[in-house]
Amino acid sequence: MSDAKTKQKELLWDFPVAYKNKSYDAAEVSSFAEKYKTYLDSCKTEREFVKYAEPFLKEHGYVPFESAAEEVRNGTKTLKQGDKLYFVNRKKALIMCTIGSRPINDGLRITVSHVDSPRLDLKPFPVSEDSDIAYLKTHYYGGIRKYQWVTIPLALHGVVVKKDGSSVEVSIGENPQDPVLYISDLLPHLGQEQSERKLKDGIKGEELKAIAATIPFMDGTDEVIQNGVKLNLLHLLNEKYGFTEKDFLTAELSLVPAYNARDVGLDRSLVGSYGQDDRVCAFGAFMAELEADKPEYTTLTVFADKEEIGSYGPTGMSSDFMLNFIEDLTEVMGGNVNRVLRASNALSTDVDAAYDPVFSSVYDKQNSCQLNRGCVITKYTGARGKSGSNDASAELMSMVTRILDENNVSWQIGELGAVDVGGGGTVALYIARFDINVVDVGVPILAMHSPFELAAKYDIYSLYRAVAAFYR
């Protein structure tokens, strides 16, 4: 080997890529992707994620934290290595935990993902009628490009709490026999004026109204009923779910894309689906947590809500629900919570923007993550001057990358676009405020926040392997 090639091998870093990596079994990657697609189709809202998790919790021996803590306080139980606990926060967030062999004061290994995604929420009074068309008015949730949400099939998901306190789950549009909802757009023949709008205003928020019915209520007479189509829509919903227009005031109902996850590319290398930000990272963390058998450090796997709108509210990471759990866990294990927090290390598992050569001007290619190169470590997020970001330390970066290297996990470094173009944030800064070391590790995504995002199966599997290694 020449001196130049020897130096190149010593000093330059050759990105691991999917078609070169021999440490991953191709059949295992494919099998993992199939499980992932099934999960995506089952979890289009944060409530549905928690519901999806419940049978796995039972199967893998997780017990409610409060019942285990009560036994510890009564002196009838001692938490030991391998014990598995969970806590559900208001049916929209979840914490899972596996007790390690080390004392709790040695710190936790924490992973935090979010399970909410951009969508169209229904307004409090959503039902309207105009020209014999009944609409459902929406208020978009999270950062969307509004023009992407028209002329696609939409499904209605959510929960309605009726006046007697009972609740009913709503899901219309997922079964192939179900009807779907639809937001119309102008035909090009009449869209000249609309075409003059800036792209961000091509579709305006108040134009995101979903067509829900076009036939009026029929009572067997020829009497004309005012707002008859609206009445018919409410009648159909009442027949199926038993709620009235007033119940919309207290409901959580959303429109999400009504199609399933699919393989993309003739080589089937990619997964296309709604909601991969950030349910892709949640799935990898969930599977790694389930498989954590007898870890050295106690694991804490958190699935939070509300990240897409700033992590506010009691189920979001700006609240103290994770801190409260750590305090309670530390108390029943006889530790000191301040020592636990300072000694802990965390992964904020969230997606990053994959380099898109079609729109290369908004990226710094050399510092962007790319498809099929493994999970992405994002040292800092934020906008422009790292505003609104956690900036991980060199020590933590070195520790995490050593763990990944020692376990043959493919990884890469990424930034969220070119410096002055834009930016974004994750829950990392909310973890850091508890005096916990944290860095972002996630999956590269193309067309992030669109109704049909793309991720590489190789990268999806790499993220799972990364969390599993972090927990081991």
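Sequence positions are assigned chain by chain, starting from 1 and proceeding in written order. Local features in this predicted model are restricted to residues whose pLDDT is 70 or higher, and side-chain atom pairs enter the listing and the counts only when it is 80 or higher, whereas totals over whole chains, interfaces and linings include all residues. Hydrogens and waters are ignored; side-chain quantities use all the structure's heavy atoms.

## Details of the sheet that holds strand 12 (residues 270–273)
Just so we agree on the cut-off: Criterion used throughout: strands pair if DSSP finds at least two bridges between them. Runs of E in the DSSP output that reach at least two residues are strands. Runs of H or I that reach at least four are helices, and both are numbered from the N terminus. To get an axis, a line is fitted to the C-alpha atoms, and for a helix only the part in contact is used. The angle between two axes follows their N-to-C directions and goes from 0 to 180 degrees. By definition, residues are in contact when any of their heavy atoms lie within 4.5 Å.
Taken together, the 3 strands give an open sheet; going across it, the order is 11-12-22, and neighbouring strands pair in antiparallel fashion. Strands at the two margins of the open sheet, each flanked by one partner only, are strand 11 (262–264) and strand 22 (453–456). Between one strand and the next, the sheet's axes are offset by a mean angle of 35°, whatever the strand orientation. As defined by bridge partners, strand 11 adjoins strand 12 across 3 bridges and the pair is classed as antiparallel. Its bridge partner being in strand 12, Asp263 is matched across the sheet by Val271. On the sheet, helix 2 (residues 26–42) packs against strand 11 and strand 12 and is oriented at approximately 5° with respect to strand 12. Lying over the sheet, helix 7 (residues 276–291) contacts strand 12 and strand 22, oriented at roughly 30° with respect to strand 22.

## Brief notes about the pattern of salt bridges
This is how the line gets drawn: We define a salt bridge as a side-chain nitrogen of Lys or Arg found within 4 Å of a carboxyl oxygen belonging to Asp or Glu. Buried, partly exposed and exposed residues are distinguished by accessible area as a fraction of the type maximum, computed with a 1.4 Å probe on protein chains only: under 20%, between the cut-offs, and over 50%, respectively.
In the structure shown here, the tally under the stated rule is 24 salt bridges. Where Asp106 meets Arg102, a salt bridge forms, and the shortest distance between an N and an O atom there is 3.2 Å. A relative accessible area of 29% means that Asp106 is categorised as partly exposed. For Lys306, the salt bridge is made with Asp305, and the minimal N-O distance between the two is 2.8 Å. Pair check on accessibility: Lys306 and Asp305 agree, each one buried. Three or more residues joined by partner-sharing salt bridges are found here, namely Glu34, Lys37, Asp263, Arg268 and Lys457.

## Let's talk about the packing of helix 2 against helix 12 (residues 457–471)
We count it as follows: Should an angle fall under 35 degrees it is called roughly parallel, over 145 degrees roughly antiparallel, and 65 to 115 degrees roughly perpendicular, with every other angle called oblique. Each residue is assigned to one class: nonpolar for Ala, Val, Leu, Ile, Met, Phe, Trp, Tyr, Cys and Pro, charged for Asp, Glu, Lys and Arg, and polar for all the others, Gly among them.
Orientation of helix 2 relative to helix 12, taken along the N-to-C sense of each, is 90°, at an axis distance of 9 Å. Here helix 2 lies roughly perpendicular to helix 12, going by the angle between them. Residues Glu28, Val29, Phe32, Ala33, Glu34 and Tyr36 of helix 2 lie in contact with helix 12, whose contacting residues are Lys457, Tyr458, Ile460, Tyr461 and Tyr464. Broken down by class, the residue content of the contact of helix 2 with helix 12 amounts to 8 nonpolar, no polar and 3 charged.

## Things to note about unusual backbone geometry
With an omega of 5°, the peptide bond running from Asp277 to Asp278 counts as cis. Following the sequence through the fold, Asp278 ends up in helix 7. Of note in the backbone geometry, Thr151 takes a positive phi value of approximately 55° without being a glycine. When you line up the elements, Thr151 lands in the loop between strand 6 (133–141) and strand 7 (154–161).

## A word on the environment of Lys77
Position of Lys77 among the secondary structure elements: in the loop between helix 4 (65–73) and strand 2 (84–89). Spatially, the C-alpha atoms of Lys77 and Met218 are 64 Å apart, while their sequence positions differ by 141 residues. Not counting residues within four places of it along the chain, the set of residues in contact with Lys77 comprises Ala68, Glu71, Val72 and Asp83.

## Description of the sheet that holds strand 2
Spatially, 1-2-3-13-4-14-20-16-18 is the arrangement adopted by the 9 strands of the open sheet, whose pairing is mixed. Pairing within the sheet leaves two strands with one partner each, and these edge strands are strand 1 (63–64) and strand 18 (411–413). As paired strands, strand 14 (residues 345–348) and strand 20 (residues 437–442) are joined by 4 bridges and run parallel to one another. Looking across to strand 20, one finds that Ala346 is bridged to Val438. The sheet strands contacting helix 7 are strand 2, strand 3 (93–98), strand 4 (108–114), strand 13 (298–304) and strand 20, and the helix crosses strand 4 at an angle near 145°.

## Quick look at the side chain of Asn105
Here Asn105 is to be found in the loop between strand 3 and strand 4. On the basis of relative accessibility, which here comes to 18%, the residue Asn105 falls in the buried class.

## Structural notes on empty space enclosed by the protein
Short version of the rule: Computed over the protein atoms alone on a 1 Å grid, cavities are sets of points where a 1.4 Å probe fits but cannot get out and pockets are open sets with protein on both sides within 12 Å along at least five of seven lines; a residue lines them when it has an atom within 4 Å of a point. Grid points are joined across faces, edges and corners, and a volume is the space filled by probe spheres set on the points.
Going through the model one piece at a time under the given rule, you end up with 1 cavity of 30 Å³ or more. In this structure, the largest cavity occupies an estimated 30 Å³ of space. Together, Leu347, Val400, Ile403, Leu404, Val441, Ala466 and Phe470 line the largest cavity. Mapped by element, the contributors of at least two residues to the lining of the largest cavity are helix 10 (394–406) and helix 12. Looking at which element gives the most residues to the lining of the largest cavity, the answer is helix 10, with 3 residues. Considering only residue class, the lining of the largest cavity consists of 7 nonpolar, no polar and no charged.

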